[in-house]
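Single-letter residue listing:
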Amino acid sequence: MDLIRITHENIEKEHICCAISSNKDCQVQSKKAWLTERLDQGLVFLKGDVRGKCFIEYIPAEHAWAPIEAEGYLYIDCLWVSGQFKGHGYSNLLLDECIRDARAQGKRGLAVLSSEKKLGYLSDPKYLKYKGFQTADSASPHFRLMALPFESQAELPRFSPRLKQAAAQVPKTGLSLYYTSQCPFTAKYVPLLEAICRDRNVPIQTVHITTTEQAQSAPCPYTAFSLYWNGEFVTHEIPSEKKFEKILTDRGL
């Protein structure tokens, strides 16, 4: 498989949004706009020359949309190989190219958000350990910041000390949703979830994180989507309408 790097010149014609095929889809438009604004900060979106889920996205950690401190590292936003492309070594191909790029840039290593066990939207911790990553830091309830340092003496990344303080500021009453446009699915599903809340007369506070600074000061390790109820974390996985209605029903809403 050949790999294609997204640039300002080819972003309009290339398929980049997971399984979404139409450039007119709001999810595609949102994601491409977000990518375009990050490219000059060193963001890399590297994909297989296919239409499907086979890509890696990474950025210098100083510009990462995550509340971390990882100076000198590259931060992997997403590594996703799925469907018919699984089982062919494409994850290794993409990750190895990221490692090669990081070394060529003189970086200290790679960092990525994972979890105690495999969860949707997060990199698989078992695979990362197989590739040599180690747990560098942890955050409630199940998040793990994993790192692949290139030298044994390299300082490991960590979650920002501001994270706990920011988490304490999440409203203690009702639903609160923090999200970014880094994940294309938020462009479709956040308005759907807001509509469900309106139909059920359930107040929800949504916070669209739109700058690197806001993301690095966010109360949630996973800034693409994090839902809270009465200040307590509920999920980082974008729910379908049916699953979201169950979340509300389970809480008497």
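The text that follows walks through the structure, step by step, so that each part is easy to find.

The rules behind each value
- Residues numbered from 1 in each chain as written.
- Predicted model: local features only at pLDDT ≥ 70, side-chain atom pairs only at ≥ 80, totals over all residues.
- Heavy atoms only, no water.
- Axes fitted to C-alpha atoms, helices over the stretch in contact; angles between N-to-C directions.
- Helix = DSSP H or I, 4+ residues; strand = E, 2+ residues; numbered from the N terminus.
- Parallel < 35°, antiparallel > 145°, perpendicular 65-115°, else oblique.
- Left-handed = near helix turned anticlockwise from the far one by under 90°.
- Contact = heavy atoms within 4.5 Å.
- Nonpolar A, V, L, I, M, F, W, Y, C, P; charged D, E, K, R; others polar.
- Salt bridge = Lys/Arg side-chain N within 4 Å of Asp/Glu carboxyl O.
- Buried < 20%, exposed > 50% of the residue type's maximum accessible area, 1.4 Å probe, protein only.
- Pairing = 2+ DSSP bridges.

Now for the packing of helix 5 (residues 185-199) against helix 7 (residues 241-250). Between helix 5 and helix 7, the shortest axis-to-axis distance is 10 Å and the interhelical angle comes to 40 degrees. Our classification of the angle between helix 5 and helix 7 gives oblique. For the crossing formed where helix 5 meets helix 7, the hand is right-handed. Of the residues in helix 7, those in contact with Leu192, Leu193, Ile196 and Cys197 of helix 5 are Glu241, Phe244, Glu245 and Leu248. Per-class residue counts for the contact of helix 5 with helix 7 are six nonpolar, no polar and two charged.

Turning our eyes to something else, we now look at the pattern of salt bridges. Enumeration according to the criterion identifies nine salt bridges in this entry. Among the ionic pairs, Arg144 bridges to Glu116, the shortest N-O distance being 2.7 Å. Pair noted here: Arg144 is in strand 8 (residues 143-149) and Glu116 is in the loop between strand 6 (109-115) and helix 3 (125-130), with a separation of 28 residues, a long-range link. By relative accessible area, Arg144 is classed as buried at 19%. When its relative accessible area of 52% is taken as the criterion, Glu116 is described as exposed. As a salt-bridge pair, Lys246 and Asp250 come within 2.9 Å of each other at their nearest N and O atoms. In this pair, Lys246 and Asp250 both sit in helix 7, four residues apart, roughly one turn of the helix.

Judged by pairing direction, the sheet is mixed, and its four strands sit side by side in the order 11-10-12-13 without closing on themselves. At either end of the open sheet lies a strand with only one pairing partner, and these are strand 11 (204-208) and strand 13 (232-235). Pairwise comparison of adjacent strand axes, ignoring direction, gives a mean angle of 25 degrees for this sheet. Pairing geometry for strand 10 (residues 175-179) and strand 12 (residues 225-229), over five bridges, is antiparallel. Of the residues in strand 12, the one forming a bridge with Leu175 is Trp229. Here helix 5 sits on the sheet in contact with strand 10, strand 11 and strand 12, set at roughly 170 degrees to strand 10.

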